[in-house]
Amino acid sequence: MSLSVLLFGGNGMLGRQLVTGFTGAGHHVTCACRGTTPVAEAAEFIAVDRDSSEGLKRLADRRWDVAIDLTSHPGFVRDALGTVDAAHWIYISSASVYARGDIFEPDETAPIHPAMADDKLDDATDYGAAKSACEAAVERLAAQHLIIRPGLLGGAGDDTGRSGYYPWRFAHPTGPEVVVPVDIGFPLSLLDVTDLADWIVHCAEHRTTGIFNAAGPTATLGELLDAAQQAAGTEVAFVPVDAGLLTDAGAGMWMGPESLPLWAEIPDMPFIGTVGADAARARGLTHRPLEQTFADALAFEESRGGPIAAGAAGLSDDTEETLRRLARGD
């Protein structure tokens, strides 16, 4: 049976994959967003400005089988739930709702941040609390709902550069060695965005309800680096650096410009990159090899000239050379 799907957004990393996944399975997708970035031609587009008090009026006279919302603004969720007629509501939350980073692979029962009281997320440090508030609104107002808490995403269209930087750097080294974090045992549950999108389609088709984490099998950073190098098809030596050297070079960790992504050194949060997803796997979530995830991320980076030129995660050529000198003690 073909589903009518309302997707708030549709032009971001996950949104694009959702449009592809649903339309490829024969479903009709309507993307409701500002449209400042074009949505795929396969989807119907309705211009919606959720900052406007009248923004959702164009959606009020239709009924959808499924509505999917990815917003981090609790007020947007409440407004949509009060306006849109959908039989099944899917909210894409985040594993950032979990309040502790010292639990290895937290499951869906782990403590979460208290819900924020404000309608809009204005400070990125409140992201977890904002997602908690969005979840609370969905649980309260949507009779048939599914809440998904994804962990770290990577693969095709990863505009953050987190999954694309290492395969791109291995494919375009600036010297005889590539700078990597010293803690190659750091655990991460990287999930391919296409695997997540495919599972969301599966959940919509099966009217799945409840709260589920979504994450890849936990691997070490060293295993991810090996997969990224395989995707790049190169054999470049690693030069490990610690957080102190990064600071000396004016660089950071995890994400953002001038950073070494996929790694964080936070003493009381050693497992911040892990998420338990056994329940989702029991409901149909599957995973492609890490090498394929990094190959897709690399293809995206090649299409845009690399993460550094795009202002995404990773080290510039000059910063990497500085770190190589610091690691050698020059």
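Per an unreviewed UniProt entry, the protein carries the name NAD-dependent epimerase/dehydratase family protein and comes from Brevibacterium gallinarum.

Description of the environment of Asp242
By the secondary structure assignment, Asp242 is in the loop between strand E13 (237–241) and helix H7 (243–248). Using a relative accessible area of 36% as the deciding quantity, one classes Asp242 as partly exposed. Along the sequence, Asp242 and Val180 sit 62 residues apart, while their C-alpha atoms lie 8.8 Å from each other. Those residues in contact with Asp242 that lie beyond four places of it in its chain are Val182 and Trp263. Within the structure, the side chain of Asp242 is placed 2.9 Å from the backbone nitrogen of Leu245, a separation counted as a polar contact.

Considering a negative patch on the surface
A contiguous patch of negative charge, built from Asp118, Asp122, Asp123 and Asp126, is present on the exposed surface. You can see Asp118 is positioned in the loop between strand E5 (85–92) and helix H3 (127–141). Judged by relative accessible area, Asp118 falls into the partly exposed class, the value being 49%.

Side note on the UniProt feature "domain: NAD-dependent epimerase/dehydratase" (unreviewed entry) in the protein
UniProt's feature table lists "domain: NAD-dependent epimerase/dehydratase" (unreviewed entry) at residues 81–214, given in the numbering used throughout. Across residues 81–214, the secondary structure splits into 28% helix and 22% strand, with the terminal C-alpha atoms separated by 23 Å.

Concerning the pattern of salt bridges
Inspection of the entire model under this criterion finds 20 salt bridges. Among the salt bridges present, the one from Glu135 reaches Arg149, with a minimum N-O distance of 2.8 Å. With Glu135 in helix H3 and Arg149 in strand E6 (residues 145–150), the pair connects residues that are 14 residues apart, well separated along the chain. On the basis of relative accessibility, which here comes to 3%, the residue Arg149 falls in the buried class. Here Arg324 makes a salt bridge to Glu321, at a shortest N to O gap of 2.8 Å. Residue Arg324 and its partner Glu321 are located together in helix H10 (residues 317–328), separated by three residues, close to a single helical turn. On the basis of relative accessibility, which here comes to 28%, the residue Glu321 falls in the partly exposed class.

Section: the side chain of Thr30
Inspection of the secondary structure assignment puts Thr30 in strand E2 (residues 28–33). Residue classification places Thr30 among the buried positions, given a relative accessible area of 0%. Of the polar contacts made by the side chain of Thr30, one reaches the side chain of Glu44; its length is 2.8 Å. Excluding residues that lie within four positions of it along the chain, Thr30 makes contacts with Val5, Leu6, Leu7, Glu44, Ile46, Arg62 and Trp64.

What counts, and where the lines are drawn
- Residues numbered from 1 in each chain as written.
- Predicted model: local features only at pLDDT ≥ 70, side-chain atom pairs only at ≥ 80, totals over all residues.
- Heavy atoms only, no water.
- Helix = DSSP H or I, 4+ residues; strand = E, 2+ residues; numbered from the N terminus.
- Buried < 20%, exposed > 50% of the residue type's maximum accessible area, 1.4 Å probe, protein only.
- Contact = heavy atoms within 4.5 Å.
- Polar contact = N/O pair within 3.5 Å; in protein donor to acceptor, adjacent residues only side chain to side chain.
- Patch = residues over 30% accessible without salt bridge, like charges linked within 9 Å, V, L, I, M, F, W, Y side chains within 5 Å.
- Areas by Shrake-Rupley, 256 points an atom, 1.4 Å probe, with all protein chains shown as cover.
- Salt bridge = Lys/Arg side-chain N within 4 Å of Asp/Glu carboxyl O.
- Lys, Arg positive; Asp, Glu negative; His and termini not counted.
- Charge placed at Lys NZ, Arg CZ, Asp CG, Glu CD.
- UniProt positions renumbered as here; feature names shortened; annotations may be inferred.

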